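Per-entry structural report
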Amino acid sequence: MDANEHGDVIEVTDLRRVYGGGFEAVRGISFSVRRGEVFALLGTNGAGKTSTVELLEGLARPAGGRVRVLGRDPYAERAVVRPRTGVMLQEGGFPSELTVAETARMWAGCVSGARPEREVLALVGLERRAGVRVKQLSGGERRRLDLALALLGEPEVLFLDEPTTGLDAEGRRETWELVGALRDGGTTVLLTTHYLEEAEDLADRLAILHEGRIAAAGTPAEVTAAQPSRISFELPDGYFLGDLPPLGELGVSGHEAEGNVVRLRTRELQRTATGVLGWAERAGVELRRLDVRSASLEEAFLGIAREASSETAEEYAA
């Protein structure tokens, strides 16, 4: 069976990975990825992203828990799973003296049913660099070559480990468009990234890892919704925070005031913004430098990291 009854192509249950010396890099995480979905793993350096992806790719046996890719154990049944997956590592490590075309041709010889190398090079914008030696490529071009080789076998499941590292803004956007097109064509994509904008733009769902555990998971909107929105403005001279309506009535959950500058935090953005602007209208005042914004994935990520770090410190203190 290729997927479970819910259409999950990747299933991870209580997964653990332990390195020599007893260091536990992955500490009992669980998540699933549906067919034709882009799923992002986020986290700071050392959070366990690459360690998790390597287990999904079948490069190591888990220390505990269970992982299934296309309904099979990617380590014990690697010969069956590997031909149906594509893998883009953080570093490809290809022979530097080969040209781009020769590298793609060599790699195609190791892939069942590989598509023509010209086709995959065109997909990633390297067709005009086919005759260039790998050692002469820029860092961004090498990342494009890594992606091209991962796509040679038209994989059902694609693992992308930091796919846009080293790319310029245009190259990153083109890669996003390609990943979106693959997803629309039915390819299941699991990616790790340090670029929160990338996860927000591409991912249908995501998980934020911290010290080997999942600190938050869901759609980007669900994860950001857990963090407060913000409103900031500058009061006119002669007005103070206390002149506003009671903050509780405005739905404000926290605030700071520095001179005439007021910053409000709220989980009811529309209610708070309406109350503040209504008060300004009635008072006949202008709120200068007005800034109203929902929580971003970056704010959610940083908030989760701070909270998790604080909890860890409390555990050690106890």
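Anything mentioned here points back to the structure above.
Conventions and cut-offs
Residues numbered from 1 in each chain as written. Predicted model: local features only at pLDDT ≥ 70, side-chain atom pairs only at ≥ 80, totals over all residues. Heavy atoms only, no water. Helix = DSSP H or I, 4+ residues; strand = E, 2+ residues; numbered from the N terminus. Buried < 20%, exposed > 50% of the residue type's maximum accessible area, 1.4 Å probe, protein only. Contact = heavy atoms within 4.5 Å. Areas by Shrake-Rupley, 256 points an atom, 1.4 Å probe, with all protein chains shown as cover. Lys, Arg positive; Asp, Glu negative; His and termini not counted. Charge placed at Lys NZ, Arg CZ, Asp CG, Glu CD. Arc of directions from axis to C-beta. Pairing = 2+ DSSP bridges. Axes fitted to C-alpha atoms, helices over the stretch in contact; angles between N-to-C directions. Phe/Tyr/Trp six-rings, centres within 6.5 Å; stacked < 30°, edge-to-face > 60°. Patch = residues over 30% accessible without salt bridge, like charges linked within 9 Å, V, L, I, M, F, W, Y side chains within 5 Å. Salt bridge = Lys/Arg side-chain N within 4 Å of Asp/Glu carboxyl O. Core = buried A, V, L, I, M, F, W, Y, C linked by side-chain atoms within 4.5 Å.

What follows deals with the overall build of the chain. Within the chain, the secondary structure is distributed over 10 helices and 13 strands. By residue count, 48% of the 318 residues in the chain fall in the buried class. Considering only contacts within the chain whose residues lie at least 6 apart along the sequence, 67% involve residues at least 24 apart. When the accessible surface of the chain is totalled, it reaches about 15,900 Å², and 47% of it is carbon and sulfur. The average position of the 38 basic charges and that of the 51 acidic charges among the side chains of the chain differ by 4 Å.

This paragraph deals with helix α3 (residues 100-108). Residues of α3 that are buried include every one of Val100, Ala101, Thr103, Ala104 and Ala108, and no others. Buried residues along α3 cover an arc of 160 degrees about the axis, so they all sit on one side. Contact partners of the buried residues in α3: α4 (117-123) and α5 (139-150).

Here six strands make up an open sheet; going across it, the order is β5-β6-β7-β3-β8-β9 and the pairing mixed. In the strand order of this sheet, the two ends are held by β5 (85-88) and β9 (213-218), each with one partner. Going from strand to strand, the sheet's axes swing by 15 degrees on average, the running direction of each strand aside. Bridge analysis of strand β8 (residues 205-210) against β9 gives five bridges, and the strand direction is antiparallel. Directly across from histidine 210, in β9, lies its bridge partner arginine 213. Running at roughly 140 degrees to strand β3 (residues 38-43), helix α1 (residues 49-56) makes contact with β3, β6 (157-161), β7 (188-192) and β8 of the sheet. Taken strand by strand, α5 contacts β5 and β6, and its axis lies near 170 degrees from that of β5.

Take the sheet that holds strand β10 (residues 229-234) next. What the four strands build is an open sheet, ordered β11-β12-β10-β13; its pairing is antiparallel. The sheet is open, and its two borders are formed by β11 (252-258) and β13 (288-293), each paired with just one other strand. Ignoring which end each strand starts from, the neighbouring axes of this sheet average 10 degrees apart. Looking at chain direction, β11 and strand β12 (residues 261-266) are connected through six bridges and run antiparallel. The residue bridging valine 252 from the neighbouring strand is threonine 266, located in β12. Here helix α9 (residues 269-283) sits on the sheet in contact with β10, β11, β12 and β13, set at roughly 15 degrees to β10.

In the Ramachandran plot, aspartate 14 falls in the positive-phi region, its phi being about 50 degrees despite a non-glycine side chain. With phi around 55 degrees, arginine 289 is a residue other than glycine that occupies positive phi space. Structurally, arginine 289 is set in strand β13. The class of arginine 289 is exposed, set by a relative accessible area of 62%.

Aromatic rings in a pair are described by how distant their centres are and how their planes are angled relative to each other. Inspection of the entire model under this criterion finds two aromatic pairs. On the numbers, 5.0 Å between centres and 10 degrees between planes, the contact of phenylalanine 31 with phenylalanine 39 is stacked. Residue classification places phenylalanine 31 among the buried residues on the basis of a relative accessible area of 10%. Ring centres 6.1 Å apart and planes at 80 degrees place the aromatic pair tyrosine 239 and tryptophan 279 in the edge-to-face group. With a gap of 40 residues between them, tyrosine 239 in the loop between β10 and β11 and tryptophan 279 in helix α9 connect regions that are remote in the sequence.

A cluster of nonpolar side chains, contributed by Leu277, Leu290 and Val292, occupies part of the molecular surface with about 240 Å² of accessible area. With respect to the helices and strands, the residue leucine 290 is situated in strand β13.

Bringing the nonpolar core into the picture now. By size, the foremost hydrophobic cluster in this structure holds 42 residues, and its most contacted members are Leu42, Leu145, Leu160 and Val223. The dominant element in this core, judged by the number of residues it contributes, is α5, at five residues. In this view, valine 223 contacts Leu206, Ile208, Ala216, Ala217, Gly218, Leu297, Ala300 and Ile304; residues no more than four positions away in its chain are not counted. Core analysis: the next-biggest nonpolar cluster, separate from the first, contains 26 residues, Val33, Ala60, Val69 and Ala207 among them.

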